[in-house]
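Residue-level structure breakdown
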4 protein chains.
Amino acid sequence: MNRDKVRVGVIGATGYSGVELMRILSQHPHVVITYVAGNHHEERALSLEHPYLPGFSNLTMETYQPEIAIERCDALFVALPSGRSGEIAGELWRAGKVVIDLSGDLRLPGALYEQWYAHPAVRQELVDHAVYGLTEWRRDLVRQATLVANPGCYATAVLLALLPLYAANLVPPEQPLIVDAKSGVSGAGRKATAASMLAELGENFYAYKVGQHQHTPEIESQLAQAGFRGRLLLTTQLLPCTRGIFVSAYIQPQSPIDDADVQAAFLNRYRDEPFITVHAPGEYPQLKHVRGSNRCHIGYRMDARTGVLQVFSVLDNLQKGAAGQAVQNFNVMHGFAEGEALAGLPVYP
Amino acid sequence: MNRDKVRVGVIGATGYSGVELMRILSQHPHVVITYVAGNHHEERALSLEHPYLPGFSNLTMETYQPEIAIERCDALFVALPSGRSGEIAGELWRAGKVVIDLSGDLRLPGALYEQWYAHPAVRQELVDHAVYGLTEWRRDLVRQATLVANPGCYATAVLLALLPLYAANLVPPEQPLIVDAKSGVSGAGRKATAASMLAELGENFYAYKVGQHQHTPEIESQLAQAGFRGRLLLTTQLLPCTRGIFVSAYIQPQSPIDDADVQAAFLNRYRDEPFITVHAPGEYPQLKHVRGSNRCHIGYRMDARTGVLQVFSVLDNLQKGAAGQAVQNFNVMHGFAEGEALAGLPVYP
Amino acid sequence: MNRDKVRVGVIGATGYSGVELMRILSQHPHVVITYVAGNHHEERALSLEHPYLPGFSNLTMETYQPEIAIERCDALFVALPSGRSGEIAGELWRAGKVVIDLSGDLRLPGALYEQWYAHPAVRQELVDHAVYGLTEWRRDLVRQATLVANPGCYATAVLLALLPLYAANLVPPEQPLIVDAKSGVSGAGRKATAASMLAELGENFYAYKVGQHQHTPEIESQLAQAGFRGRLLLTTQLLPCTRGIFVSAYIQPQSPIDDADVQAAFLNRYRDEPFITVHAPGEYPQLKHVRGSNRCHIGYRMDARTGVLQVFSVLDNLQKGAAGQAVQNFNVMHGFAEGEALAGLPVYP
Amino acid sequence: MNRDKVRVGVIGATGYSGVELMRILSQHPHVVITYVAGNHHEERALSLEHPYLPGFSNLTMETYQPEIAIERCDALFVALPSGRSGEIAGELWRAGKVVIDLSGDLRLPGALYEQWYAHPAVRQELVDHAVYGLTEWRRDLVRQATLVANPGCYATAVLLALLPLYAANLVPPEQPLIVDAKSGVSGAGRKATAASMLAELGENFYAYKVGQHQHTPEIESQLAQAGFRGRLLLTTQLLPCTRGIFVSAYIQPQSPIDDADVQAAFLNRYRDEPFITVHAPGEYPQLKHVRGSNRCHIGYRMDARTGVLQVFSVLDNLQKGAAGQAVQNFNVMHGFAEGEALAGLPVYP
């Protein structure tokens, strides 16, 4: 028996974030996975259902039942679609479990949530108790949390790239913020849709949810804590590939700044962060440099011709944008080394 | 014999734009291709060299020799790398030929050219005589031209999307213009480089020539003719696919405008343009909707929350962004129906 | 009015073969498309539904109704899923129309059909009247046909590659025939399935319907007409791309043959075929060499070490493997030039 | 200091196998990487040269110098191109080091090598001392080896799939063996070539080195040890993706066998092998099920209609086909747990 290991459950283990959670947790020395559940109704051995998840010979995909989850687990990751995930996270948390919810359900006040997500919010009490788990910026709160709202993939990429600049007062807080963001299709989840077919998306690129992406208010509310008082125009676009978020942000500083100012603002915050690389001026991040890892790479350039500051950031939407950051939070919550199970290098090429 | 057909030569017939020229011209009822040349030194039957160019059984790839080109052709497309193309275009044009140059060599005044292209410019006289062939906006000049500087791929996508707005005074002429542009890798040409390998670029995305892309001054100088007096920040990024340019432009109008104003500005210019589709509000272009065709699709959205106007445009970089527009200009120059050989629908999926 | 044009309808105009039919037919000088129908229940302008099908401003996608199809059309292409397509094709044909059915419904005797397709066959009378439209091998029958069963995509690639060898008695007729075939995902149709999503199929490759693909009996019965008396093992595998069939066939000749024998057998049949290229020994076909065109390229190698003859063939599954060959048959049936509307070169790159 | 760790060098650290070695070794608890070298002439910090290899802040890419390699390392992986790699491996081995060579240089007797590789072989003495490191079949020899010839990627996939069948006498030893193999492009290495560009290989598929792939004699000579006395026809084909080998083998058993016989032969050998999964009849491997992992999945089907046995196998060419198996051998040679640093699950999707 693994008496000294945390007994962990994954709810939503067949979605892409769930699969990535399994992949990461299987490397974790202080974790034993004791429960995997999804929306399926027939039970089936996990390794039969998912041949790319070998080695969990003892696990069976089950249909979620709260009493079993509660009995078998100390901590749970809930990675179901928004609208269903938060409710289950709340149920488990109220039963005294440590819970990390990967959906958008616990990230926004109810009124804002309902405006952008177009379905009913969970009870406000839950949202109030949930700590927004942008680990590098909320480490102290996460450490004491028992319920974490894991950040969205776009939100993580934008916030890691821009929080240092607002926090350092380098950029004008009221100016509308323009973010041109691109994502691999795994961010859209595992449900089969016409738009996500290879025949449609291969050799394609397009914007979706234009002006209406639900990470918009999440980013605005988090940036506000660093002084941002404007509005965000977040353009989300689909790349013909599977993994990765690439963000290009454009800001027009109102007082003159140069590359050294920007570099200082980033290093001030990230010098000792193991998962963040800040490129020197003239070097820029690439999507594939972080694929399969929990890393975020950031680059920037102050364009003297136009006076516009460009900031680029990349991460793997299923890792630092979802499952990786969730495990990072789990580690902080349990007092484990923050990088436990997350040290894997990017898969290149 | 095809006495009444225009005898056409293609210089640079092995590059991607050259191959696309062959594909288009093979459908042209008033054209006979009489000469194909490249940088090769061994002559070889074209259909052996390029199995995807069947049906030119009479043609041999030759090494370019001006006297032969002049003797055999009435009109020539020159699609060589910048730095070599314009010189040859000039040589042929001075010999009395109708010439369309697909490189950047004839698009900019010498000083500006040398600043952005980092090699010597052609003689200014040539540039002065060359008409910038953005067909929809220069039809009358092209009609009388014998030397055309065919626009760049990014430039075509940006100009078609933004000229109507500046021309209609809908957007502030001094404001820095932010254009986030994405391209398939065929735009980088056929030369083998590490960065364009499938193992590197597949599942990847990144910015290149950040703040330094040579289409920047081309776009600025053309937009200036519609009143633009600002500077452009053009961010060029590489998509993990072969064909297509996708442009996202961001402008902050200073007086209140709405979707109807924008729609009017576009339709005013493009209502009767056969190769341009302007989407209704709420519909947006996709890269693949135009692949393999000479079309440009445009969409837009006035974001009331931030006051930012987004404009999207897509085209196939080898067609409307190169060979297609070149043939369109050729048709105008010769008085043929403008869409001759260009009516092919996009290849979907 | 286009009184002298054939009034053509496309049933199944939203599927990939249907879209390709529209693309090809739009270039046909003797065709006017008068009817497009599918399984949809709301009518919608075609160019709104499919932005990649511009230029059909007069056409509306309709829900199929036989009386309207019959009234408006002289000839019809039916490109619905097997199980539904043949029945409609029969209905229209019995009403006196010229009909080309792109499904598998009319290609096999009923008993064989039901064994491999797992749903009921159409009436045998229909199958008996339908001419199997492998144009290069059935031109004379097609010329007199009013009902054509258009061959399957895998079947076309295999038959064009192997019929010449069986017909020339170069290969042993009883030997089991091994065909290792690969297809782009568009061959699986437009229905959204988990397996055809980019996140699943990108960077993937696998066999499907192993030993059970329904083109197996189609190929066997057609090869039998050239003397084949064995059984076919057809392995169908999915490529991480959109278009194309690539076939690798392996045969062990029992009497010694060499490359010249094989070349002779191919050229004997295909020397004057405009859509077929037979590569010289040492040159091999590539999927992309034919993409977007109605062409089939064939290569081969007699391996002296093992005594095995390898034959490779490629085609675009939506063109020569479906819509292109259908139009080729249409041309033959109407006495038009066989290549009318089919002269487009491959889209490369 | 890491006195109790093995000091490891990687020669060829910039190639794809080298990068994968670094990724794997970075997770190894008993390894410290003390030397990385390549063909470069300027030294540069590894993490600057390869942003996807963060965390090696102490390492500098150096130009290979034997005396430094010998001084700094206990064990070395040599992953240079064939023709250069074996010689260096020999040099280091003769200096008393533990050496694993990933090239083809030590896998074949000299005469055979020169026939298939078209350059001079290393000294026969080296080949004689090198153990062919197909771990699952040579564990005992590897355990005592100090010089290992790591198997080729195609060879590993074919041998793991077929050795059990020949060893069990299930398939006729003299029959020519037909193997239709497909590989992602990373197998071709990192050198930029026209054929490996995304614009050429994307949406493409084709055979290369037809009948001439250098893994042919490697496979034949290894199969011979299990009784194979025939010849192999190995068809190698390039997939439009980055990683993975997919093998389809076709054999015609001469005495009747069924699925149970095949299953028994596989399980007899692989029941306890942690890196090998044998699928039950009716389930087949997929390329992506093993990507990024050291696993090999095998499936098969006895086709009763034709009497042909199909066998499929998949692996990641950079892992089990190169760097992963190399580390597996390293572990066996050093008496570490065989799966040390190799437990990572496949990256899916």
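Sequence order as written defines the numbering, with residues in each chain counted from 1. Naming scheme: in the order in which they are written, chains are lettered from A and ligands are numbered from 1. At least 70 in pLDDT is required for a residue's local features to be given in this predicted model, at least 80 for side-chain atom pairs to be given and counted, and no such filter applies to totals for whole chains, interfaces and linings, which use all residues. Think of the side-chain values as coming from all heavy atoms in the structure, minus any hydrogens and water.

**Quick look at the packing of aromatic side chains**
The description of an aromatic ring pair rests on the distance of the ring centres and on the angle between the ring planes. Our working rule: The pairing test for Phe, Tyr and Trp rings, Trp by its six-membered ring, is centres within 6.5 Å, and the orientation test on the planes gives stacked under 30 degrees, edge-to-face over 60, and tilted for anything in between. Secondary structure counts use DSSP, requiring at least four H or I residues in a row for a helix and at least two E residues in a row for a strand, with both numbered from the N terminus. Relative accessible area decides the class of each residue, using a 1.4 Å probe on protein chains only: under 20% of the type maximum gives buried, over 50% gives exposed, and in between gives partly exposed. Two thresholds decide whether a charge sits over a ring: the Lys NZ or Arg CZ must be within 6 Å of the ring centre and within 35 degrees of the ring normal.
Per the stated rule, a full pass over the model turns up 44 aromatic pairs over all chains. Their ring planes at 20° and their centres at 6.4 Å tell us that F266 of chain A and Y270 of chain A sit as a pair that is stacked. With F266 of chain A and Y270 of chain A both in helix 11 (residues 259-270) and four residues apart, this pair spans about one turn of that helix. This pair shows no difference in class: F266 of chain A is buried, exactly as Y270 of chain A is. An aromatic cluster of three or more residues is present, and its members are W137, F266, Y270 and Y300 of chain A. Across from the ring centre of Y348 of chain D, 5.8 Å away, lies the NZ or CZ of K288 of chain D, which sits over that ring.

**As for the interface of chain B and chain D**
Let me state the cut-off plainly: We call two residues contacting when some pair of their heavy atoms lies within 4.5 Å. Two parts placed together each lose some accessible area under a 1.4 Å probe, and the buried area is that loss summed for both. Whenever Lys or Arg places a side-chain nitrogen within 4 Å of a carboxyl oxygen from Asp or Glu, that contact is recorded as a salt bridge.
Contacts between the two partners involve 18 residues from chain B, matched on the other side by 18 residues from chain D. Both sides of the chain B and chain D interface together cover about 1,400 Å² of buried area, and 64% of this is carbon and sulfur. Interface area lost by chain B to chain D is led by M197, L198 and A199 of chain B, which between them contribute 44%. Where chain B touches chain D, the interface holds two salt bridges. Here R190 of chain D and E200 of chain B are joined by a salt bridge, their closest N and O atoms 3.3 Å apart.

**Here we look at the sheet that holds strand 7 (residues 131-132) of chain C**
Residue and element names in this part refer to chain C. Put simply, the rule is: Pairing between two strands requires that DSSP report at least two bridges joining them. A fitted line through C-alpha atoms serves as each axis, taken over the contacting stretch for helices, and the angle formed by two N-to-C directions is quoted from 0 to 180°.
The strand order across the open sheet formed by eight strands is 3-4-2-1-5-6-8-7, and the pairing between neighbours is mixed. Both outer strands of the open sheet, strand 3 (44-45) and strand 7, are each paired with one neighbouring strand and no more. Note: strand 6 (residues 98-101) against strand 8 (residues 147-149), three bridges, orientation parallel. Counted as the bridge partner of V99 is L147 from strand 8. Packing against the sheet, helix 1 (residues 16-25) makes contact with strand 1 (6-11), strand 2 (31-38) and strand 5 (75-78), and its axis sits at approximately 160° to strand 1.

**Remarks on the relation of the copies chain A and chain B**
To be explicit about the condition: Alignment of copies: least-squares fit on C-alpha atoms of residues with pLDDT of at least 70 in both copies.
Overlaying chain A with chain B gives an RMSD of 0.0 Å, the required rotation being 180° about an axis along which the chain moves by 0.0 Å. These values place the two chain copies in the arrangement generated by a two-fold rotation axis. Identified as the residue of chain A closest to the rotation axis by C-alpha distance is P240 of chain A, at 3.3 Å.

**Considerations on the relation of the copies chain B and chain D**
For the pair chain B and chain D, the relating rotation is 180°, the translation along its axis is 0.0 Å, and the fit reaches an RMSD of 0.0 Å. Mapped onto chain D, 100% of the interface residues of chain B are again interface residues, and the two copies thus contact each other with one and the same surface.

**A short note on the pairing of strand 2 (residues 31-38) of chain A**
Remember that side chains alternate between the two faces of the sheet whenever the strand is regular. Residues and elements named next belong to chain A. The criterion, for reference: By convention, orient the strands away from the viewer: a clockwise path from the first strand over the helix to the second makes the crossover right-handed.
The buried fraction of strand 2 is high, at eight of eight residues. In this structure, strand 1 (residues 6-11) lies alongside strand 2, joined through six bridges in parallel fashion. Within strand 2, the residue paired with V8 across the bridge is I33. For the segment spanning strand 1, helix 1 (residues 16-25) and strand 2, crossover handedness is right-handed. Sheet analysis places strand 2 next to strand 4 (residues 60-63), joined by three bridges and oriented parallel. Bridge pairing in strand 4 places G38 opposite T63.

**Topic: the interface of chain A and chain B**
Using the following cut-off: Polar contact criterion, stated in full: a pair of N or O atoms within 3.5 Å, where within protein one must be able to donate a hydrogen and the other to accept it, and residues adjacent in sequence count only if both atoms are side-chain atoms. Residues were grouped as follows: Ala, Val, Leu, Ile, Met, Phe, Trp, Tyr, Cys and Pro as nonpolar; Asp, Glu, Lys and Arg as charged; and all remaining residues, including Gly, as polar.
Across the boundary between the two partners, chain A contributes 49 residues, which contact 49 residues of chain B. Carbon and sulfur atoms supply 56% of the area buried between chain A and chain B, which totals about 4,100 Å² over both sides. Of the charged contacts, one joins R291 of chain B and E203 of chain A as a salt bridge, the two residues approaching to 3.8 Å between their closest N and O atoms. Scanning the region where chain A abuts chain B turns up 36 residue pairs in polar contact (both at pLDDT 80 or more). Taken together, the elements giving at least two residues each to the side of chain A that touches chain B come down to strand 9 (177-183), helix 9 (198-201), strand 10 (206-208), helix 10 (215-224), strand 11 (232-238), strand 12 (245-251), strand 14 (296-303) and strand 15 (308-315) of chain A. Considered class by class, the residues forming the side of chain A that touches chain B number 24 nonpolar, 13 polar and twelve charged.

**Some remarks on a negative patch on the surface**
All names here are of chain B. Applied cut-off: Residues with no salt bridge and a relative accessible area higher than 30% make up the patches, which join like charges within 9 Å and nonpolar side chains (Val, Leu, Ile, Met, Phe, Trp, Tyr) within 5 Å. The Shrake-Rupley method, run with a 1.4 Å probe sphere, supplies the accessible areas, and residue values consider only the shown protein chains as cover. In this charge count, Lys and Arg are treated as positive and Asp and Glu as negative; neither His nor the chain ends contribute. The atoms used to mark charge sites are NZ of Lys, CZ of Arg, CG of Asp and CD of Glu.
A surface patch of like charges, here negative, comprises E67, E71, E87 and E91. Of all the secondary-structure elements, those providing two or more residues to the negative patch are helix 3 (66-72) and helix 4 (85-94). For E91, the location among the structural elements is in helix 4.

**Digging into the sheet that holds strand 13 (residues 276-278) of chain B**
Within a sheet, neighbouring strands are paired by backbone hydrogen bonds and run either parallel or antiparallel to one another. Residues and elements named next belong to chain B. In spatial order, the strands read 10-11-9-12-15-14-13; together these seven strands make up an open sheet with mixed pairing. At either end of the open sheet lies a strand with only one pairing partner, and these are strand 10 (206-208) and strand 13. Taking the axes of each pair of neighbouring strands and ignoring which way they run, one obtains an average angle of 25° across the sheet. By the bridge criterion, seven bridges tie strand 9 (residues 177-183) to strand 11 (residues 232-238) in an arrangement that is parallel. The residue bridging V179 from the neighbouring strand is L234, located in strand 11. Sheet contacts for helix 11 (residues 259-270): strand 13, strand 14 (296-303) and strand 15 (308-315); angle to strand 14, the most-contacted strand, approximately 160°.

**Let's talk about the environment of D128 of chain A**
If you trace the backbone, D128 of chain A turns up in helix 6 (residues 124-129). Taking C-alpha positions, D128 of chain A is 29 Å from A181 of chain A, a pair spaced 53 residues apart along the chain.

**Let's talk about the pattern of salt bridges**
Residues and elements named next belong to chain C. Enumeration over the complete set of coordinates arrives at 76 salt bridges over all chains. Linking E20 and R243 is a salt bridge whose minimum nitrogen-to-oxygen distance equals 2.6 Å. With a gap of 223 residues between them, E20 in helix 1 and R243 in the loop between strand 11 (232-238) and strand 12 (245-251) connect regions that are remote in the sequence. We classify E20 as buried; its relative accessible area is 0%. Judged by its relative accessible area of 2%, R243 falls in the buried class.

**Looking at unusual backbone geometry**
Residues and elements named next belong to chain A. Omega for the peptide link from Y348 to P349 comes to 0°, which places this bond in the cis form. Its location among the elements puts P349 in the segment after helix 12 (319-334). Of note, K209 is a non-glycine position whose phi angle comes to about 45°, a positive value. Structurally, the position occupied by K209 is in the loop between strand 10 and helix 10. Classification of K209 as partly exposed rests on a relative accessible area of 41%.

Interpretation note: all reported values are geometric properties and have no functional meaning in isolation.
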